[in-house]
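# Close look at the chain arrangement
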Amino acid sequence: MKRFAAVTLAALMLLTVFASAASAADTLEIRGPVFNGSNIDDIVGDGITIDATQFAAFYYDIDDNVTTETLSIKNVAGNNGNVIGEGGIVYSTKIQKVDYEYDKPSLGWDNYSLLGFFAEKYIPLKSNSADKLAKLVMDSDDKITLKTGDTLDLGEGYSLQARQVDVDGEKVWLEFDKDGEHVDDEIVDVGKGDSTWDVELDDIQDEDDVTVMKVHVNQVFQGAVDSVAQIEGIWLIDYANAIKIESDDEFGELNDVSINGDTLNITNEDTFTLTRDSTNELAEGLSFKVADTPSNVLRFYLAKDITEPGTYEIRGSVASGPATWDASNFAGFYYDLDDNVQTENLSVSKLNGNVIGEGGLVYQTSVKEVDYEYNKPSLGWDQYPVIGFFAEEYIPLKSNSADKLAKLIMDNDDKITLKTGDTLDLGEGYSLQARQVDVDGEKVWLEFDKDGEHVDDEIVNVGEGDSTWDVELDDIQDEDDVTVMRVHVNQVFQGAVDSVAQIEGIWLIDYANAIKIESDDEFGELNSVSIQGSTLKISNDDTFTLTRDSDQDIAEGMSFKIADTPSSELRYYPFVTKTVGNVTDNNTSENKPLGNVTENVTAPTENVTTPDTTEDVNASDDTDDETPATTTPETNKTEEKDKESPGFGVVLGLVGLVGVVYLVRRNN
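Residues numbered from 1 in each chain as written. Predicted model: local features only at pLDDT ≥ 70, side-chain atom pairs only at ≥ 80, totals over all residues. Heavy atoms only, no water.

### Some words on unusual backbone geometry
Using the following cut-off: Segments assigned H or I by DSSP are reported as helices when at least four residues long, segments assigned E as strands when at least two residues long, and all are numbered from the N terminus.
Of note, the phi angle at Phe118 is positive, near 50°, even though the residue is not glycine. Position of Phe118 among the secondary structure elements: in the loop between strand E9 (109-117) and strand E10 (120-126). Non-glycine residue Asp549 carries a positive phi angle of around 60°. You can see Asp549 is positioned in the loop between strand E48 (544-545) and strand E49 (550-555).

### Thoughts on the side chain of Glu232
Defined as follows: Whether two residues are in contact is decided by their heavy atoms, any of which lying within 4.5 Å being enough.
Relative to the assigned elements, Glu232 resides in strand E18 (residues 227-237). Here Glu232 is in contact with Tyr102, Asp141, Asp142, Lys143, His216 and Asn218, once residues within four sequence places are set aside.

### Overview of the environment of Gly441
Along the chain, Gly441 falls in the loop between strand E39 (430-437) and strand E40 (443-450). The spatial distance from the C-alpha of Gly441 to the C-alpha of Ala501 is 9.1 Å, given a sequence separation of 60 residues. Dropping the residues within four chain positions of it, Gly441 is found in contact with Val492 and Gln494.

### As for the sheet that holds strand E7 (residues 89-94)
We apply this condition: A pair of strands is treated as paired once DSSP finds two or more bridges between them. To define axes, lines are fitted to C-alpha atoms, for helices over the stretch in contact only, and angles between the resulting N-to-C directions are given on a 0 to 180 degree scale.
Pairing in this open sheet of 5 strands is antiparallel, and the strands run E2-E5-E7-E21-E20 from one edge to the other. Across the chains shown, the open sheet's two edge strands, defined by having one partner strand only, are strand E2 (48-51) and strand E20 (256-260). Each strand axis lies, on average, 15° off the axis of its neighbour in the sheet, ignoring direction. As judged from the 4 bridges shared by E2 and strand E5 (residues 69-73), these two strands associate in the antiparallel manner. Note that in E5 the partner of Thr49 across the bridge is Ser72.

### Considering a negative patch on the surface
What counts here: Surface patches are defined over residues having more than 30% relative accessible area and no salt bridge, joining like charges when they lie within 9 Å and nonpolar side chains (Val, Leu, Ile, Met, Phe, Trp, Tyr) when within 5 Å. For the accessible areas, the method is Shrake-Rupley and the probe is 1.4 Å, while residue cover comes only from the protein chains on display. We count a salt bridge whenever a side-chain nitrogen from Lys or Arg sits within 4 Å of a carboxyl oxygen from Asp or Glu. Charge convention: Lys and Arg are scored as positive, Asp and Glu as negative, and His as well as the terminal groups of each chain are ignored. Charge coordinates come from a single atom per side chain, which is NZ of Lys, CZ of Arg, CG of Asp or CD of Glu. The rule is simple: take the accessible area with a 1.4 Å probe, protein chains only, and divide by the maximum for that residue type; under 20% is buried, over 50% is exposed, in between is partly exposed.
Residues Glu86, Asp248, Glu250, Glu253, Asp256, Glu269 and Asp270 make up a contiguous surface patch of negative charge. Within the secondary structure layout, Glu269 lies in the loop between strand E21 (263-267) and strand E22 (272-273). For Glu269, a relative accessible area of 45% gives the class partly exposed.

### Here we look at the pattern of salt bridges
Applying the stated criterion across every chain, the model contains 18 salt bridges. Across the pair Glu29 and Lys289 runs a salt bridge, and its minimum N-O distance is 2.4 Å. Remark: Lys289 occurs in strand E24 (residues 286-290) and Glu29 occurs in strand E1 (residues 28-37); sequence separation between them is 260 residues.

### With respect to the nonpolar core
Across soluble globular proteins, nonpolar side chains have a tendency to be buried as a group. Quick reminder of the rule: Take the buried Ala, Val, Leu, Ile, Met, Phe, Trp, Tyr and Cys residues and link them wherever side-chain atoms come within 4.5 Å; each set so joined is a nonpolar core.
If you look at the biggest cluster of nonpolar residues, it comprises 92 residues, and the most contacted ones within it are Phe117, Phe288, Phe300, Trp325, Phe560 and Tyr572. In terms of residue count, strand E25 (residues 298-306) provides more of this core than any other element does, 6 residues in total. Phe117 has contacts with Glu69, Tyr91, Tyr122, Leu133, Ile243, Ile245, Phe251, Leu264 and Ile266, leaving out every residue within four places of it along the chain.

### Brief notes about the packing of aromatic side chains
Inclusion rule: Centre distance within 6.5 Å is the pairing criterion for rings of Phe, Tyr and Trp, where only the six-membered ring of Trp is used; planes under 30 degrees apart are then read as stacked, over 60 as edge-to-face, and the remainder as tilted. Two conditions define a charge located above a ring, namely a distance within 6 Å from the ring centre to NZ of Lys or CZ of Arg, and an angle within 35 degrees of the ring normal.
In total, this model carries 40 aromatic pairs according to the counting rule given. Between Phe55 and Phe58 the ring centres are 4.8 Å apart and the planes differ by 80°, which places this aromatic pair in the edge-to-face class. A relative accessible area of 0% means that Phe55 is categorised as buried. Both rings, one in Phe333 and one in Tyr363, keep their centres 6.2 Å apart while their planes meet at 55°; by these two values the pair is tilted. Placement of Phe333 in the loop between strand E27 (323-326) and strand E28 (335-336) and of Tyr363 in strand E33 (residues 361-366) is noted, with a sequence separation of 30 residues between them. There is no split in this pair, since Phe333 and Tyr363 are both buried. Through pairs of rings, three or more aromatic residues link up here, namely Phe55, Phe58, Tyr91, Phe117, Phe118, Tyr122 and Phe251. Residue placement shows Arg163 over the ring face of Trp173; its charged tip is 4.4 Å from the ring centre. Taking the ring centre of Tyr430 as reference, the NZ or CZ of Lys450 above it sits at 4.3 Å.

Laid out in structure tokens, this is it:
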């Protein structure tokens, strides 16, 4: 028994050690259009359908103008109040043809079958059947030079190696591996006809002759020092994790599956309740976010949460001429669901062909009021002014003026318990410390710091009236008495062992980096600034060309993506990029468009040049921008201590394990 207890304790110590080293993944929410009405019947009417032109998470190819997925809410008998009846939700997707990124029809690189499946890109194992699918890993036309012996990491454990180049410099021996194990190899001759290697495998979900990878070798070079092969064109599917969909499968709340050749339909056999003030999981990462409203109002949107680290493109609706975007059709813009508040819009007019005339590109945003997350009007926590500024959330230093702004770092109603001496990391270098609790257990001495330097402190008394500390500072962009942080202390406790303060309600702005906008400022291509009280309007003084087959920067991280179309056509949309998690150099070379077929090319593991790949230099900035919105305060309470003594928790765990081993041996 003693041995069992000791071993159990050791296991718990190991779990503690490794749990302390783990960190929660950041999450990026992609939202669809907002639906607002008195009840579900009022909203649905004869039926509503959401497709890729409205929901940026669904698959979309701008060059081919191809979508595959829709989510519909039908007018069925069971719809009532906030309840969707049986069969009222229908997810549908249909196989479509899209061009390879390496688009060379004469060489067999024309198009392939693709199916969006719950906002992910899949390839049907049979081009006309939606029942057997493998996720698309790569579709790239980057030029990549591999030296003999180099290994190119393709992602998901797949790799390509240049084994040898022949002495005549016309052939290269390539090897395809999965998790370091040989899968197939081929000698590709660039001197005879097409130099594409099609890797075909058998028994992939009982299917034979499945093309799992295509590689086009552009040229081979045998030099005096190095032997190299230049690759241009790689296409790869995750065949090792291919799936088969059957009629009795269930996908979350969608559990009635129908497969009709190239089309897959999935509906709900049971009723689905849109519970207010909550996230209602639907299926495979899709959910309905429902506002906190009275029973006579129903407001919600479809959402997809992205947790895989990477830099993602969030797009607006697709346009082919003059257009206007706001938060309802551009998920990048600021939107508050509970208060139904949006502030930003972007419009295109004066369009001649693909050229926007002077003053035809206009960005406008206005100050609005929203509720605090800790919403207690009786305690002074009612509403605050907010303004979206190029798809980021800012706070005006003066509630009725859009000229001086600071980014919102935190608006939180989590309950957080701080022991005396604990430091709470608030993000962007700001922190809050519980210095002391008085002996009567009614007061706590709090200190507010920036980059480790004292900013302000206060003794908060929870026994007398409101226990909110408003931190007001002077000379913030020449403004005085600016409220930069609000903290509500819920209760204080003086125990025999620990003294603690419970905080519920924190609101903080990045006052140290506040900005002032003036009439002569320029924001990328937008260089005519007008500030009228609470409204900011910026337009273009010069013409703006929507160059086909390109990304055109607008301002402050916002861009247009324009399709590769004939001169008689125009297709484009606005987008911003957001970063999830800690992105390494290997996957920042290219943004991951949601619903686009272009994937990242992961850098080779040795000395390989990738001349056509450009790195996203804004990735780290985006990560910093997103941190406040996705940081859970409890998780970061000890972050500063961890930085001061890296690995200390692991050392303690190992010391504990040694002690446990000693006890086991002693008791034997």
